[in-house]
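# Tertiary structure, described
Listed here are the chains, written in short residue letters.
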Amino acid sequence: VFSQFLFKTLAFDPAAFEPVSQLFFISHALVASAKLNTRTVAELAALSKAQPGTLSYSTASVPLGVLIERMKKDAGIDMVRVPFRGGGEAVTALLSGATPVGFYGLSNVRSQLEAGSVVALMVDGEKRSPLFPNTPTIQEATGKEFKARSYFGLLAPARTPKTATARLQTAIAAIVARDRKST
């Protein structure tokens, strides 16, 4: 979805596909190295103001980078974005303290959160994560809404018969409903 806005040319035509169903969201968390000794977005903002030009961050995707840039503007946070080629490099930099703030998928930092080497400042869901129920949502942490979550969806070739896409939508909805009842 974002590639058409990020790149001048693509190896595919986005109009060659049509959406069938949203499959799932990836829950992300704004995290900070425990070495920073910050527990909230407000504490991160205060630290960045007390030490201007010294904090850096990385993100797992462009929308999360946009979120942090907006949050920086709204809260007056002074941090510099550091791009990485992949999540592994970014998490390593987070743990070493080289890039002490990041916005990553919870699955990428779950063990570090559980071990206490990083602290979750907020999650990007409309509700708190059941894995980390003490971590506030973006709305709770900042008083602002931001809806640009990463999601995975099912696409079909454009002009797929509506009966086929409707059948897929019905089957996916039944699977999701069944899975919700079993948890």
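As a reminder, the structure under discussion sits directly above these lines.
Summarised in this report is the structure supplied together with it. (Residues numbered from 1 in each chain as written. Predicted model: local features only at pLDDT ≥ 70, side-chain atom pairs only at ≥ 80, totals over all residues. Heavy atoms only, no water.)

### Section: the overall build of the protein chain
- The helix and strand inventory of the protein chain stands at 7 helices and 7 strands.
- Over its C-alpha atoms, taken along the principal directions, the protein chain stretches across nearly 60 × 45 × 30 Å.
- In the protein chain, which comprises 183 residues, the proportion classed as buried is 36%.
- Once local pairs closer than 6 in sequence are excluded, the contacts in the protein chain between residues at least 24 apart make up 66%. (Helix = DSSP H or I, 4+ residues; strand = E, 2+ residues; numbered from the N terminus. Buried < 20%, exposed > 50% of the residue type's maximum accessible area, 1.4 Å probe, protein only. Contact = heavy atoms within 4.5 Å.)

### Notes on the nonpolar core
- Counting residues in each nonpolar core, the largest one holds 22 residues, and the members touching the most others are Leu 30, Met 79, Val 101 and Met 122.
- In terms of nonpolar packing, the next biggest core, distinct from the first, is built from 13 residues, Ala 29, Ala 90, Leu 94 and Val 109 among them. (Core = buried A, V, L, I, M, F, W, Y, C linked by side-chain atoms within 4.5 Å.)

### Examining the environment of Ala 60
- In this fold, Ala 60 is placed in the loop between strand S3 (55–59) and helix H3 (62–75).
- Its relative accessible area of 45% is what places Ala 60 among the partly exposed residues.
- Along the chain, Ala 60 and Leu 95 lie 35 residues apart, while their C-alpha atoms are 15 Å from each other.

### Notes on the pairing of strand S6 (residues 118–123)
- Burial analysis of S6 places 6 of its 6 residues in the buried class, which makes it a mostly covered element.
- Looking at chain direction, strand S2 (residues 28–33) and S6 are connected through 5 bridges and run antiparallel. Its bridge partner lying in S6, Ser 33 is registered against Val 118. (Pairing = 2+ DSSP bridges.)

### Some remarks on helix H2 (residues 41–50)
- For H2, every residue scored as buried is listed here: Val 41, Leu 44, Ala 45, Leu 47 and Ser 48. Considered in projection along H2, the buried side chains sweep an arc of 165° and stay on one side of the axis. Opposite the buried face of H2, at more than 90 degrees from it, the exposed residues are Ala 42, Lys 49 and Ala 50. (Arc of directions from axis to C-beta.)

### Some words on the side chain of Thr 165
- Secondary-structure assignment places Thr 165 in helix H7 (residues 162–182).
- According to the relative accessible area criterion, Thr 165 is buried, its value standing at 5%.
- There is a polar contact of 3.1 Å between the side chain of Thr 165 and the backbone oxygen of Lys 162.
- In contact with Thr 165, other than residues within four places in its own chain, are Glu 18, Val 20, Ala 156 and Thr 160. (Polar contact = N/O pair within 3.5 Å; in protein donor to acceptor, adjacent residues only side chain to side chain.)

### Side note on the environment of Ala 115
- Tracing the chain through its elements places Ala 115 in helix H5 (residues 106–115).
- Spatially, the C-alpha atom of Ala 115 lies 36 Å from that of Leu 6, the residues being 109 residues apart in sequence.

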